[in-house]
Amino acid sequence: MSFSYPIPSTPRVISPSPTPSEASEAGRETYFAPTTRSAAKHQHHKSPEPITEEKDGDGSSSSSDSSLDKRARTRSRSPGLASIGPAHSRKRRTSGLTPLKTGKKAAVKPESISNGYPVSPAGPNGHLAPYSYSTLQNRWREFSRSPSPLGLIPLHRHYRYLIHKHEIPRKALHVSIGFMTLAFYTNGIQTSAITPWLLSALIPCAATDYLRHRFQSVNRVYIKCLGALMRETEVAGWNGVIWYLLGAYIALRFFPKDIGVMGVLLLSWCDTAASTFGRLYGRYTIRLRSGKSLAGTLAAFLTGLLTAILFWGWLAPRTGTFPDDPPVAFLFTGELGLPHQLTQYLGWKSADATIGGAAAVGLMSLWTGLVASFSEFVDILGWDDNLTIPVLSSLGLWGFLKVFGV
């Protein structure tokens, strides 16, 4: 029998087995006897030496092992939990030893900026940091379009859920404008008669908003009267009513009658549906971008689909035309088809490349839902969605019917 290691002339029997330091000193040239069960069990239950993990003030390790200078650490060192406060820190007790402190150090309270979010006393150092307690507590604001701190508008403090969180008065005004648009349409009021009224309301609203930003007394009266319809971010910014009037004016003034009416309806109903369902169910779905969730985008798509079916599939055919309608009042006439050049290239007849009836209404409604969800989701240079939704929706519908309309 051959051995990989040479056996010394006088074997040395060690019981229990040697420590790792002795084994490293002996090297590979020393033979050790097998370890018994009792010795292995004793070595397994033997507690390791304590490791000193504290450092002195100058950064060097502490060399004192005296129990009088150390005590059990009862508070976590996590920077995220340290900001919660002593009431929460008592719930968690961690083992370890920390140097005994002679005096209490004054807690440094984070400074507060104008919008209410706490910031660190020191500036950013370029390193990653865990979530603070305030960030975790206010995480719902990332999904909300009302991200401002509570307290700028008195009514928002008194009706926190009705006005601040769910914006019931604001959404009621949004939805009511859509029904007013349908009432004007069914009564034969032309878009050319509505746009002067929108412009006459836009000018004083913008002038008043400018004055309230120049004079605090005007701003206080303005907020007291219209605070229920405002978001707290609009206290120091432009009121959303201005962008609403401007978007509706562009849609009704520069597009055909049916496209302009549909643009206002999508602004009135799709934006409200996306905001409502996004706040209720956005936490259960993925977040597409900041302030936009999959739940809100799907709600905008379904609302746009149903709105198009209601308008082009039922209301417009039932209402019909009026004697004072402009020459091209309706861009969608109930039929859709491929472009003439593409039809000739494929060698099809015009009848084969055209659909009508329920199929055309369904395809047009599907495209309307896609346009509504896209215009509600996209963010263009931070512009207000009350302006971008009617303009982008009208552009999308107008371009689609210019290509596939018959």
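Here the structure is a predicted model, which is why all the values come from computation and not from measurement.

What follows is about the overall build of the protein chain. Summing up its helical and strand segments, the protein chain has 16 helices and eight strands in all. Restricting the contact set of the protein chain to residue pairs at least 6 apart, pairs at least 24 apart contribute 69%. As displayed, the protein chain offers around 26,300 Å² of accessible surface, 62% of which is attributable to carbon and sulfur atoms.

Once that is clear, we can look at empty space enclosed by the protein. To find leftover empty space, one rolls a probe the size of a water molecule over the atoms. Scanning the entire structure with this criterion turns up two cavities of 30 Å³ or more. Computed from the structure, the second largest cavity encloses a volume of approximately 60 Å³. What lines the second largest cavity is T181, F184, Y185, I189, T191, I194, L252, K257 and V261. If you list the elements that add at least two residues to the lining of the second largest cavity, you get α8 (168–186), α9 (191–214) and α12 (257–281). Among the elements that make up the lining of the second largest cavity, the one with the highest residue count is α8 (three residues). Looking at the lining of the second largest cavity residue by residue, the class counts come to six nonpolar, two polar and one charged.

Counting across every chain of the model gives eight aromatic pairs. Connected via pairs of aromatic rings, a cluster forms that spans Y185, F311, W312 and F332. Between R253 and the ring centre of F254, over which it is positioned, the NZ or CZ distance is 5.2 Å. Cation over ring: R289 sits above F377, and NZ or CZ is 5.6 Å from the ring centre.

Turning our eyes to something else, we now look at helix α11 (residues 240–254). Compared with the 21 Å implied by 1.5 Å per residue over 15 residues, the 21 Å span of α11 between its first and last C-alpha is a close match. Of all the residues in α11, the buried ones are G240, I242, Y244, L245, G247, A248, Y249, A251 and L252. Structurally, α11 contributes buried residues whose contacts are with α8, α9, α12 and α16 (385–404). The N-cap of α11, judged by a side-chain oxygen 3.2 Å from the amide nitrogen of V241 a few residues on, is N239.

By size, the foremost hydrophobic cluster in this structure holds 27 residues, and its most contacted members are I259, F311, W312, F332, L336, M364 and L401. If you list the elements that add at least two residues to this core, you get α8, α12, α13 (294–319), α15 (358–377) and α16. The element contributing the most residues to this core is α12, with eight residues. Apart from the residues within four sequence positions on either side, W312 is in contact with D258, I259, M262, P317, F332, V361, M364, T368 and L397. Core analysis: the second largest hydrophobic core is formed by nine residues, L198, L245, L252 and V264 among them.

UniProt annotation of "transmembrane region" (unreviewed entry) refers to residues 261–282, 294–315 and 355–375 when read in the numbering used here. End C-alpha to end C-alpha, residues 261–282 measures 29 Å, and it is 95% helix and 0% strand. End C-alpha to end C-alpha, residues 294–315 measures 30 Å, and it is 100% helix and 0% strand.

Quick look at the packing of α15 against α16 now. Between α15 and α16, the shortest axis-to-axis distance is 9 Å and the interhelical angle comes to 145 degrees. Relative to α16, the crossing made by α15 is right-handed. Taking contact as the criterion, the partners of M364, W367, T368, V371, A372, S375 and E376 in α15 are, on α16, T388, I389, L392, S393, G396, L397, F400 and L401. In the contact of α15 with α16, the residues fall into nine nonpolar, five polar and one charged.

Unlike most non-glycine residues, L381 shows phi in positive territory, near 55 degrees. Summarising the element assignment, L381 is placed in the loop between α15 and α16.

Regarding helix α10 (residues 216–226), the residues found buried are N219, Y222 and I223. One side of α10 carries all its buried residues, which in axial view fall inside an arc of 95 degrees. Turned more than 90 degrees away from the buried face of α10, the exposed residues are R220, V221, K224 and C225.

Taken together, the side chains of Y210, L211, F215, V218 and W238 define a hydrophobic patch exposed on the protein surface, amounting to about 480 Å² of accessible area. Relative to the helices and strands, W238 resides in the loop between α10 and α11.

In this model, the protein chain carries a mean pLDDT of 75, and residues with pLDDT of at least 70 account for 60%. Overall, residues 53–122 carries pLDDT values under 50, and its contacts beyond four positions in sequence, including any with other chains, amount to 70 contacts.

Rules and cut-offs
Residues numbered from 1 in each chain as written. Predicted model: local features only at pLDDT ≥ 70, side-chain atom pairs only at ≥ 80, totals over all residues. Heavy atoms only, no water. Helix = DSSP H or I, 4+ residues; strand = E, 2+ residues; numbered from the N terminus. Contact = heavy atoms within 4.5 Å. Areas by Shrake-Rupley, 256 points an atom, 1.4 Å probe, with all protein chains shown as cover. 1 Å grid on protein atoms, 1.4 Å probe; cavity = no way out; pocket = protein on both sides within 12 Å on 5 of 7 lines; lining within 4 Å. Points joined across faces, edges and corners; volume = space filled by probe spheres on them. Nonpolar A, V, L, I, M, F, W, Y, C, P; charged D, E, K, R; others polar. Phe/Tyr/Trp six-rings, centres within 6.5 Å; stacked < 30°, edge-to-face > 60°. Lys NZ or Arg CZ within 6 Å of the ring centre and 35° of its normal. Expected span 1.5 Å × (residues − 1). Buried < 20%, exposed > 50% of the residue type's maximum accessible area, 1.4 Å probe, protein only. Polar contact = N/O pair within 3.5 Å; in protein donor to acceptor, adjacent residues only side chain to side chain. Core = buried A, V, L, I, M, F, W, Y, C linked by side-chain atoms within 4.5 Å. UniProt positions renumbered as here; feature names shortened; annotations may be inferred. Axes fitted to C-alpha atoms, helices over the stretch in contact; angles between N-to-C directions. Left-handed = near helix turned anticlockwise from the far one by under 90°. Arc of directions from axis to C-beta. Patch = residues over 30% accessible without salt bridge, like charges linked within 9 Å, V, L, I, M, F, W, Y side chains within 5 Å. Salt bridge = Lys/Arg side-chain N within 4 Å of Asp/Glu carboxyl O. pLDDT = per-residue confidence, 0-100.

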